[in-house]
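These are the residues of each chain, in order.
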Amino acid sequence: MTTATVLTTEAVLALAPDAASAKAARGLLAPATWPTLGHDAAAAWGECQGSGSKPYQTQVDLSGPVFKCSCPSRKFPCKHGLALLLLRAQDTSRFTTPAEPPEWVRAWLEGRRERAEKQEQKQQPRPQPPQAAAGVTATATANGADPAAPPTPDTTTARQDKRWQRIEAGLEELARWLADRVQRGLAVQTREGAGEWQTMAARMVDAQAGALAGWLTAAGAESDNAARLARLGRLQLLIEAVQRRAALDAGVLADVRATLGWPLERDEVLARGEAVDDVWRVDGQIVEEREQRLVERRVWLSGRRSGRRALLLDFSHGTAGFETSWITGQARAGRLVFFPSVAPLRALSVQREAVPEADEEAVEGEERLAAGWDDELDRAAAAMAAHAWLPLWPLRLAGATIRVVDDAVWACGDPHALPLNVPTEQVPTLLALAGGGRVDLNGEWDGRTLRLLTLRSDEGRWQIGRTEGATR
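Keep in mind that this is a model prediction, so the values were computed, not measured.

(A) Looking closely at the pairing of strand S8 (residues 331-338). Among the eight residues that make up S8, six are buried, leaving the element largely enclosed by the rest of the structure. Two strands pair when backbone bridges link them, and strand S5 (residues 274-289) and S8 are joined in this way by eight bridges, in the antiparallel orientation. Looking across to S8, one finds that Arg281 is bridged to Ala331.

(B) Region of interest: the packing of aromatic side chains. The final tally for this structure, using the stated rule, is three aromatic pairs. Measuring from centroid to centroid gives 6.4 Å for Trp280 and Phe338, while their planes differ by 55°, and the two rings are tilted. Of this pair, Trp280 sits in strand S5 while Phe338 sits in strand S8, placing them 58 residues apart in sequence. For Trp280, a relative accessible area of 2% gives the class buried. Residue classification places Phe338 among the buried positions, given a relative accessible area of 1%.

(C) Expanded view of the pairing of strand S12 (residues 416-421). As judged from the four bridges shared by strand S11 (residues 408-413) and S12, these two strands associate in the antiparallel manner. Bridge pairing links Cys412 to Ala417 in S12. Taken together, the two bridges between S12 and strand S14 (residues 450-457) define a ladder with parallel strand orientation. What sits directly across from Asn421, in S14, is Arg451.

(D) Main features of the packing of helix H7 (residues 211-221) against helix H8 (residues 225-243). Viewed as axis vectors pointing N to C, H7 and H8 meet at an angle of 155°, and their least axial separation amounts to 9 Å. The angle between H7 and H8 falls in the class roughly antiparallel. Where H7 crosses over H8, the two elements pack in a sense that is left-handed. Of the residues in H8, those in contact with Leu212, Trp215, Leu216, Ala218, Ala219 and Gly220 of H7 are Arg228, Arg231, Leu232, Arg234, Leu235 and Leu238. Residue composition of the contact of H7 with H8, by class: eight nonpolar, one polar and three charged.

(E) Molecular detail of the packing of helix H2 (residues 19-26) against helix H3 (residues 79-90). The interhelical angle for the contact between H2 and H3, taken along N-to-C directions, is 55°, at an axis separation of 8 Å. Taken together, the axis directions place H2 and H3 in an arrangement best described as oblique. Seen from above, H2 lies across H3 with right-handed handedness. The segment H2 lies against H3, with Ser21, Ala22, Ala24, Ala25 and Arg26 engaging Lys79, Leu82, Ala83 and Leu86. Counted by class, the contact of H2 with H3 contains six nonpolar, one polar and two charged residues.

(F) Structural detail: the sheet that holds strand S4 (residues 66-69). Strands sit in the order S1-S2-S3-S4 across an open sheet of four strands; the sheet is antiparallel. Across the chains shown, the open sheet's two edge strands, defined by having one partner strand only, are strand S1 (36-39) and S4. Sheet twist, expressed as the mean angle between neighbouring strand axes with direction ignored, is 10°. Strand direction decides the pairing type here: S1 and strand S2 (residues 43-48), joined by four bridges, are antiparallel. Counted as the bridge partner of Leu37 is Gly46 from S2. Each of S1, S2, strand S3 (56-61) and S4 touches H3; the most contacted strand, S3, lies at about 60° to it.

(G) Representation of the pattern of salt bridges in the model. With the rule as written, the count across this model stands at 22 salt bridges. We note a salt bridge from Arg106 to Glu110, for which the minimum N-O separation is 2.5 Å. On the criterion of helical spacing, the pair formed by Arg106 and Glu110 is a turn pair, its members being four residues apart in helix H4 (residues 103-123). Given a relative accessible area of 27%, Arg106 falls into the partly exposed group. A salt bridge links Asp314 to Arg297; its shortest N-O distance comes to 2.9 Å.

What counts and how
- Residues numbered from 1 in each chain as written.
- Predicted model: local features only at pLDDT ≥ 70, side-chain atom pairs only at ≥ 80, totals over all residues.
- Heavy atoms only, no water.
- Buried < 20%, exposed > 50% of the residue type's maximum accessible area, 1.4 Å probe, protein only.
- Helix = DSSP H or I, 4+ residues; strand = E, 2+ residues; numbered from the N terminus.
- Pairing = 2+ DSSP bridges.
- Phe/Tyr/Trp six-rings, centres within 6.5 Å; stacked < 30°, edge-to-face > 60°.
- Axes fitted to C-alpha atoms, helices over the stretch in contact; angles between N-to-C directions.
- Parallel < 35°, antiparallel > 145°, perpendicular 65-115°, else oblique.
- Left-handed = near helix turned anticlockwise from the far one by under 90°.
- Contact = heavy atoms within 4.5 Å.
- Nonpolar A, V, L, I, M, F, W, Y, C, P; charged D, E, K, R; others polar.
- Salt bridge = Lys/Arg side-chain N within 4 Å of Asp/Glu carboxyl O.

Shape descriptors only; they carry no functional weight alone.
See below:
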């Protein structure tokens, strides 16, 4: 486990999933609200009195920070976790330091430590089993198979071939369906309506190409026929790529698999992916709730020395939360291993260390020195041209002005103007924060609009809509 991270009040509030959570956390700082407060070098914990008779048990692993709370909130972190760290940032004298943390804290920390150790073991190369004289291991069963042995290359290849066959069959059906839809005309409404899109989406799940279900659902819900046609065109390109996959290079084939919802396993990424050591700054992040209480988090990083952009993509279910917290605006020295791709973006974080204070100040000073708009847009265009199914690319835009024209919000930087994807209710706040001056923006570019994640001015940095319930 890494050493504890010391967070200021500003850094704690930067962890808030939205402004409402930050405000609610500030309302929980009264001494009577927390009958129990404690901390040590590894964790902070407390019991927060809620509306029920039993207080909520709130705990934070300070090496992340990583949060856990017994409350039913589905926000990460919840207001109780934020309040606990706010209290610690403001006045550590309110916290006791016992010889041992309570059992409920100790059990959680030990569980996290055990999972971290198992993860480290998974990252180690697997030793080759010794060869027995008779060609089998000592633990072989009567039929010569070792039930504890990892799958052999032959069995793995056979499983992959079977999955490819199912995918091909499903995509052949999808190709016929797409041709029929285009022939009839995308503007023509059928008797089935949205039902036919949902039926085909379910068929993709059956064909083990589940990610395409989301593509079809989004295309069916698209009100702009030109945008719908663009989505369907990329699906047709994917169908053709699967048909000629034997001729594709490794990077393109990895992109095809990921687009189908069949990404490489972690061990394979660690073995084949490019490892990059750098000081990684968190440019922005967003948490979205998907179907069936699945929660997706996207954390966008940029390398101080390499200039590389990276996406950390994590999932959790229900109120489980995430193993590692990332603080927007802060930097961590560490190693990322990128998923193989023709435009490498998604990565795994395999090593993370705190940046010394002097280096942190240097990173903060360099943050405003973003690349020019031409370079940023050229970089995004090159990535999306190479990876035809790349859904998002991070943009860092310096010196932008925010303008509203005919109810549309734009980020302007001569001679460019990009449409912003900002919820209507957040537009007044956005304009107030920008103050009519020049600001630096970080966001997710999908080729048509920029979803704004952070805004930075001379007054400070603000996160814009970090938690969403929408689908992509």
